[in-house]
Amino acid sequence: MQYRQFGKLAFKVSALGFGTMRLPVKGGKIDEAEATAMLHYAIDHGLNYVDTAYPYHDGESEAFLGRALTGAYRDKVKLATKMPGWKVKKKEDFDRLLNEQLRRLNREAVDFYLLHALNKKRWDELYVLGVLEWAEKAMKDGRFRYFGFSFHDEFPAFKEIVDAYDWDLCLIQYNFMDVEKQAGRKGLQYAAAKGMAVAIMEPLRGGRLVNPPAEVQEIWDQAAEKRSPVEWALQWLWDQPEVSVVLSGMSSMEQVKENIALA
């Protein structure tokens, strides 16, 4: 496993992070035996960053991690989760939601806490409710250590949010088809220049980059080094020094082993 600097923090993150939005499912529920085996395999092979959120798997992703990351595995990874801003209607909801998430995760504190899926409208609403002041207090009382946000909007809104606070990290959708969409390359470079860690989601665009059009595959076939579509997508991201960690939503042990080998 290769490791990269995580923004301005004294932490080296594995190039590959585990996103828990697409865990294997059995009978409509997370296949806990398989998902636990996948997670432990990744950690045993050097992965040290796990990402979840309040709504993943209908709220079961956080609870699953509370059971899977115990014993020897509890302190081997940095854990990130996200506040569902769309559920915040009043100031008291900040504490209510975080405390609920900590109970699910079976922890007194989480390493990274992100405002989930920010856009201009949601950011304005949370800002007016005092989310930044609340976050400072929550970090002071030890319920999370570092603060960030995930983002789905265009660059002007991204820049406004980045400039509003001394964030530790952001999570953006980025791949070779999204260079000029959402935060894009401009956002990646802007955040990194500010000293923020930048985590990447949707490196395969929800799996759509796994089966390229024939004309794209023809170009790749001409390369001296032969790579799978997954490797082209991941190595393209890892070649950019501003990228801190690439989150992969792995749903099978085969995918875990392939991605770990590439990282």
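A brief look at the structure comes next.

Reading guide: rules and limits
Residues numbered from 1 in each chain as written. Predicted model: local features only at pLDDT ≥ 70, side-chain atom pairs only at ≥ 80, totals over all residues. Heavy atoms only, no water. Salt bridge = Lys/Arg side-chain N within 4 Å of Asp/Glu carboxyl O. Helix = DSSP H or I, 4+ residues; strand = E, 2+ residues; numbered from the N terminus. Buried < 20%, exposed > 50% of the residue type's maximum accessible area, 1.4 Å probe, protein only. Contact = heavy atoms within 4.5 Å. Pairing = 2+ DSSP bridges. Axes fitted to C-alpha atoms, helices over the stretch in contact; angles between N-to-C directions. Expected span 1.5 Å × (residues − 1). Right-handed = clockwise from strand over helix to strand, strands pointing away. Phe/Tyr/Trp six-rings, centres within 6.5 Å; stacked < 30°, edge-to-face > 60°. Lys NZ or Arg CZ within 6 Å of the ring centre and 35° of its normal. Core = buried A, V, L, I, M, F, W, Y, C linked by side-chain atoms within 4.5 Å. Parallel < 35°, antiparallel > 145°, perpendicular 65-115°, else oblique. Nonpolar A, V, L, I, M, F, W, Y, C, P; charged D, E, K, R; others polar.

**Let's talk about the pattern of salt bridges**
- Taken as a whole and assessed by the stated rule, the structure comprises 19 salt bridges.
- Of the charged contacts, one joins Glu 160 and Lys 120 as a salt bridge, the two residues approaching to 2.9 Å between their closest N and O atoms. Remark: Lys 120 occurs in helix H4 (residues 120–128) and Glu 160 occurs in helix H6 (residues 155–163); sequence separation between them is 40 residues.
- By relative accessible area, Lys 120 is classed as partly exposed at 34%.
- One continuous salt-bridge network, built from bridges that share partners, spans Glu 62, Glu 100 and Arg 104.

**Remarks on the environment of Trp 86**
- Here Trp 86 is to be found in the loop between strand E7 (78–83) and helix H3 (92–105).
- On the basis of relative accessibility, which here comes to 32%, the residue Trp 86 falls in the partly exposed class.
- In this structure the C-alpha to C-alpha distance between Trp 86 and Trp 232, which are 146 residues apart in sequence, comes to 35 Å.
- If sequence neighbours within four positions are ignored, Trp 86 has contacts with Pro 55, His 116 and Arg 122.

**Section: the sheet that holds strand E8 (residues 110–118)**
- Judged by pairing direction, the barrel is parallel, and its eight strands sit side by side in the order E3-E6-E7-E8-E9-E10-E11-E12 before closing back on the first. Taken pair by pair, the neighbouring strands of this sheet meet at an average axis angle of 30°, ignoring direction.
- Examined bridge by bridge, strand E11 (residues 197–201) and strand E12 (residues 245–248) share two bridges and lie parallel to one another. Within E12, the residue paired with Ile 200 across the bridge is Val 246.

**Observations concerning helix H1 (residues 32–44)**
- The end-to-end C-alpha distance of H1, which contains 13 residues, comes to 18 Å, matching closely the 18 Å that a straight helix rising 1.5 Å per residue would cover.
- Those residues of H1 that fall on the buried side of the exposure criterion are Ala 35, Thr 36, Met 38, Leu 39, His 40, Ala 42 and Ile 43.
- Its buried side turned inward, H1 meets strand E3 (16–19), strand E5 (29–30), strand E6 (49–51), helix H2 (60–68) and helix H10 (253–262).
- At the C-terminal side of H1, Gly 46 shows a positive phi close to 105°.

**Section: the pairing of E8**
- Burial within E8 is extensive, with nine of its nine residues counted as buried.
- In the sheet, E7 pairs with E8 via four bridges, with the strands oriented parallel. Paired with Thr 81 across the two strands is Tyr 113, which belongs to E8.
- A crossover links E7 with its parallel partner E8, the connecting element being H3, and its sense is right-handed.
- Two elements, E8 and strand E9 (residues 144–151), share six bridges in a ladder whose sense is parallel. In the strand pairing of E9, Val 110 is matched with Phe 144.

**What about the packing of aromatic side chains?**
- Per the stated rule, a full pass over the model turns up 24 aromatic pairs.
- Here Phe 149 and Trp 167 contribute two aromatic rings whose centre-to-centre distance is 4.9 Å and whose plane-to-plane angle is 70°, an arrangement assigned as edge-to-face. Residue Phe 149 is found in strand E9, and its partner Trp 167 is found in the loop between H6 and strand E10 (169–173); the two are separated by 18 residues along the sequence.
- Note on Trp 167: relative accessible area 0%, which makes it buried.
- Among the aromatic residues, ring-to-ring pairing joins Phe 94, Tyr 113, Trp 123, Tyr 127, Trp 134, Phe 144, Phe 147, Phe 149, Phe 151, Phe 158, Tyr 165 and Trp 167 into one connected group.
- Taking the ring centre of Tyr 73 as reference, the NZ or CZ of Lys 76 above it sits at 5.2 Å.

**As for the nonpolar core**
- Of all hydrophobic cores here, the largest spans 72 residues; its most connected members are Phe 18, Leu 115, Trp 134, Phe 149, Phe 158 and Trp 167.
- Once you skip the residues sitting within four places of it in the chain, Phe 149 turns out to touch Leu 114, Leu 115, Leu 118, Phe 158, Ile 161, Val 162, Trp 167, Leu 169, Cys 170, Leu 171 and Met 196.

**Considerations on the pairing of E12**
- On E12, burial covers both faces: Val 245 and Leu 247 on one face and Val 246 and Ser 248 on the other are all buried.
- Bridge count between E3 and E12: three bridges; the pairing is parallel. Following the sheet pairing, Leu 16 is matched in E12 by Val 246.

**Digging into the packing of H1 against H10**
- Running from amino to carboxyl end, H1 crosses H10 at an angle of 10°, the nearest separation of the two axes being 9 Å. As judged from the angle between their axes, H1 and H10 are roughly parallel. Residues Glu 34, Ala 37, Met 38, Tyr 41 and Ala 42 of H1 form the contact with H10, whose participating residues are Met 253, Val 256, Lys 257 and Ile 260.
- Its residues placed into classes, the contact of H1 with H10 shows seven nonpolar, no polar and two charged.

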